[in-house]
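# Architecture at a glance
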Amino acid sequence: MRRPLVAAAAAAALAAAPAPALAASGWTKAVRSQPGFRIPRVIVTARDSQVAPGFIFVTPRTIYPGRTGPTILDENGHVVWFHRQSSRVSAQDLRPQVYRGKPVLTWSLSPPLLREGEVLTRGTTPQNTYNVIADTGYRIIKRVRAIGRGVITNGHDFVITSRNTALVLGSRTLPRRLTRYGGPESGRIVDDLVQEIDLRTNKLLFNWSSARHIPLSESIAPFPTNGYWDPYHLNSVSVDSDGNLLVSARHTSTVYKIGRRSGRIIWKLGGRNSSFRMGRGAQFYYQHDATRQADGTITLFDNGTDGAHRREPESQAKRLRVETKARRVELVGSFRHPSGSGLATSQGNTGVLPNGNVFVGWGISPWFSEYAPDGRLLFGAHFTSVWHHSYRAFKAPWSGQPRTGPAIFARVTTSQVVAYVSWNGATDVAQWQLLGGNTEAALASLGTAPWADFETKLVFPGAPAFVQVQGLDASGTVIGTSAIVTTKR
C-alpha cells in the first residue's frame, strides 16, 4: 500500500551537511508495544511528490557491537519491518525477488566484518556466510550457499533468475607465484567464483573462476603486507538482456560480460584492458552493482576510490550507453551524493525504477536517495550515525503479511487511555481502531487513527480496564487483531 506523502520543501532545499555522528547506542529507538525491541532511526532530509511508489529495503550495519538486521521502510522513511537478529551476524543485500512465481525477500548473513573481503584476505579459517529466501510472512524458507570444497559464499550478490536458479558469488584461495606482483614466491590469492545453482535440486549448473579467465596483471589492488591477495573482488552478477552474465570486479575496475554456457569473456568494460573507448565521464573505478536496464543502458555505482587510492573527486551513480559495434561507451546520466558531494569508499548500488526514477544506495556512506531521470534529487535519507550504513538499498513494491498479530501496550489516566500499537511487517495497515471495556467480553470502539509510524500512539477519552487494537486497511476492513491486554494505571 502506498501511504500518503508528507508535504516537504523542494529537494533543492536539502541541507548539505553530512549525517551527524552520534553515539553507537543512539542509532535505534525503543518500541513500547514490544519490550526489548529497537528499530533503526532514519532521518529524511528531502521528499518530493514525484517519488516512485514502493517500499525501501536496507540492511543497516555497524562496526560497533549491537543488534542490526534487514529493514523495510515506507516511502516516507518510516520503519515497516525490522528483522531482529543476533549481534554475532551481519545482514546485507535485502531485496524483493520472485521465486517459483511468488514474491519473496532475500538477503545474506555473515559474521560482522570491519571491511569487505576480510574473511578470506586475513588468512583465517573461513566463516559461515549464506543467502536466505523468505516468504511474504517473513518466514525463511530456504538457505543457499556456494558449492565446492574450500568454497565459501562471499555474500556480495544473490540473484534469483526466471529459471528458478540462483546466481551466487563464492570465494576460495589458490596458491600462486607472486614475485612479479610484489608478493612471495609461494603466495595465495583469493579466487572469486560465479555459480548458478538449481534451487530445487541444489545442483551446480555453472561454475566460473576469476583466476582461470582474468589475468592477474589486470588487478589494480596492491599486494597486502600480510594475508592473501584479493586481485579480483567480484561484487555483483546480473543477467544481461541476451541471457549472458555481467560481472563487476572491484579490484580490476572492470565489468566483464561472460558467456553463460561457455564461460568465455565476451567483452571488458573499463579497467586496464577495456574493449571500449571510454567517453568523457564514463570511466569508473572500484565500482559496484553493474546491471543492464530495460532501455539498454548499464547502471553502476562508481565508488571512485577503495579508501586508500582515490581516482575521482567523488563517488557517483552512473548510467552508461555501451555501443558494442562502435566499441565506445558514453555517460548518459550521473547522480551525485545527496549532501552535494561525497565519497563512498565501499559498497553501493544504482537501480532504475519503473517510472524512470533512479534509486541509489550510497554504501558505507549512510545515505540512500531517489532522483528524477535528469538528476534532480527527489528523496534523501540517512541513518543517524556515520558509523551505520547499508551495503545496498532498493525500492520496489512489496506486500507483507506477518504471521504474528499486532502488539499493544496501554495505560490510563483519570480521563483518557494512551495506547502504543505496532505490527511488524504489515504493509497494508492504513488505520488503527482501539477497542476498550471494563470486561474482556464487552469491548467497544474507542476511536480510530491513521497509521503514523512503526509504532503509533493512540489517545482517546476513557479509562477501560481492557483494550485491544485492530489494524484496518484502506477500505476500513479489519486485517489483524491483537490480543486483549489489561491497561496500566
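Structural data are supplied above this passage.
### A word on the overall build of the chain
Helix and strand counts for the chain stand at two helices and 36 strands. Compactness check: the chain gives a C-alpha radius of gyration of 24 Å against a globular reference of 23 Å for 489 residues, within 12% of the reference. Dimensions of the chain along its principal axes, counting C-alpha atoms only, are 80 × 50 × 45 Å. When the 489 residues of the chain are sorted by exposure, 56% land in the buried category. Considering only contacts in the chain between residues 6 or more positions apart, those separated by 24 or more positions represent 57%. Approximately 20400 Å² of the chain is accessible, and the part contributed by carbon and sulfur atoms is 50%. Across the chain, 57 positive and 32 negative side-chain charges occur, with their mean positions spaced 5 Å apart.

### Regarding the nonpolar core
Of all hydrophobic cores here, the largest spans 34 residues; its most connected members are Phe-57, Ile-72, Leu-105, Trp-107, Trp-432, Leu-434 and Leu-458. When residues no more than four places from it in sequence are discounted, the contact partners of Leu-458 are Val-417, Val-418, Ala-419, Val-421, Trp-432, Leu-434, Ala-449 and Val-469.

### Quick word on the sheet that holds strand β3 (residues 42-47)
Think of a sheet as strands paired side by side through backbone hydrogen bonds, with each pair either parallel or antiparallel. Strand order in the open sheet formed by five strands is β3-β27-β26-β25-β24, and the pairing between neighbours is antiparallel. Every interior strand has two partners, whereas the edge strands, β3 and β24 (349-352), have only one. On average, each strand axis in the sheet is tilted by 10° relative to the strand beside it, whichever way the strands run. In this structure, strand β26 (residues 367-371) lies alongside strand β27 (residues 377-383), joined through five bridges in antiparallel fashion. When the bridges of β27 are listed, Phe-368 appears paired with Ala-381.

### Overview of unusual backbone geometry
The residue Asp-93 is not glycine, and still its phi comes out positive at about 70°. Relative to the helices and strands, Asp-93 resides in strand β7 (residues 90-99). Unusually for a residue other than glycine, Ser-253 sits at a positive phi of about 50°. Counting through the fold element by element, Ser-253 comes out in the loop between β16 (245-249) and β17 (254-258). Here Ser-253 falls in the buried class, since its relative accessible area comes to 2%.

### Re the side chain of Lys-395
Take Lys-395: it is sitting in strand β28 (residues 388-396). For Lys-395, the side chain forms a polar contact with the main-chain oxygen of Ala-52, separated by 2.6 Å. Here the side chain of Lys-395 touches Glu-370 through a polar contact of 2.7 Å, side chain to side chain. With near-sequence residues (within four places) excluded, Lys-395 lies in contact with Val-51, Ala-52, Pro-53, Gly-54, Phe-55, Ile-56, Phe-57, Glu-75, Leu-353, Phe-359 and Glu-370.

### With respect to the environment of Ile-72
Here Ile-72 lies in strand β5 (residues 71-73). In sequence terms Ile-72 and Asp-230 are 158 residues apart; their C-alpha atoms lie 33 Å from each other. If we skip the residues at most four places from it in the chain, Ile-72 touches Phe-55, Ile-56, Phe-57, His-78, Val-79, Val-80, Trp-81, Leu-94, Leu-105, Tyr-138 and Trp-398.

### Here's the deal with the sheet that holds strand β21 (residues 298-302)
One open sheet holds the five strands; their spatial order is β19-β23-β22-β21-β20, and the pairing between them is mixed. Taken across any chain shown, the strands that pair with only one partner, and hence form the sheet edges, are β19 (277-278) and β20 (288-292). Relative to β21, β20 runs antiparallel, the two sharing three bridges. Its bridge partner being in β21, His-288 is matched across the sheet by Phe-301.

### Description of the side chain of Asp-198
Relative to the helices and strands, Asp-198 is located in strand β13 (residues 187-198). Of note is the side chain of Asp-198, whose polar atom sits 2.8 Å from the backbone nitrogen of Arg-200. Aside from chain neighbours lying at most four places away, what touches Asp-198 is Asn-164, Thr-165, Lys-203 and Leu-205.

### Some points on the layout of surface pockets
Counted as a void, the second largest pocket has a volume near 810 Å³. The set of elements that each furnish at least two residues to the lining of the second largest pocket consists of β7, β11 (152-160), β15 (234-239), β20, β24 and β28. Ranked by residue count, the leading element in the lining of the second largest pocket is β28, at five residues.

Thresholds applied
- Residues numbered from 1 in each chain as written.
- Predicted model: local features only at pLDDT ≥ 70, side-chain atom pairs only at ≥ 80, totals over all residues.
- Heavy atoms only, no water.
- Helix = DSSP H or I, 4+ residues; strand = E, 2+ residues; numbered from the N terminus.
- Rg over C-alpha atoms; globule rule 2.2 N^0.38 Å.
- Buried < 20%, exposed > 50% of the residue type's maximum accessible area, 1.4 Å probe, protein only.
- Contact = heavy atoms within 4.5 Å.
- Areas by Shrake-Rupley, 256 points an atom, 1.4 Å probe, with all protein chains shown as cover.
- Lys, Arg positive; Asp, Glu negative; His and termini not counted.
- Charge placed at Lys NZ, Arg CZ, Asp CG, Glu CD.
- Core = buried A, V, L, I, M, F, W, Y, C linked by side-chain atoms within 4.5 Å.
- Pairing = 2+ DSSP bridges.
- Axes fitted to C-alpha atoms, helices over the stretch in contact; angles between N-to-C directions.
- Polar contact = N/O pair within 3.5 Å; in protein donor to acceptor, adjacent residues only side chain to side chain.
- 1 Å grid on protein atoms, 1.4 Å probe; cavity = no way out; pocket = protein on both sides within 12 Å on 5 of 7 lines; lining within 4 Å.
- Points joined across faces, edges and corners; volume = space filled by probe spheres on them.

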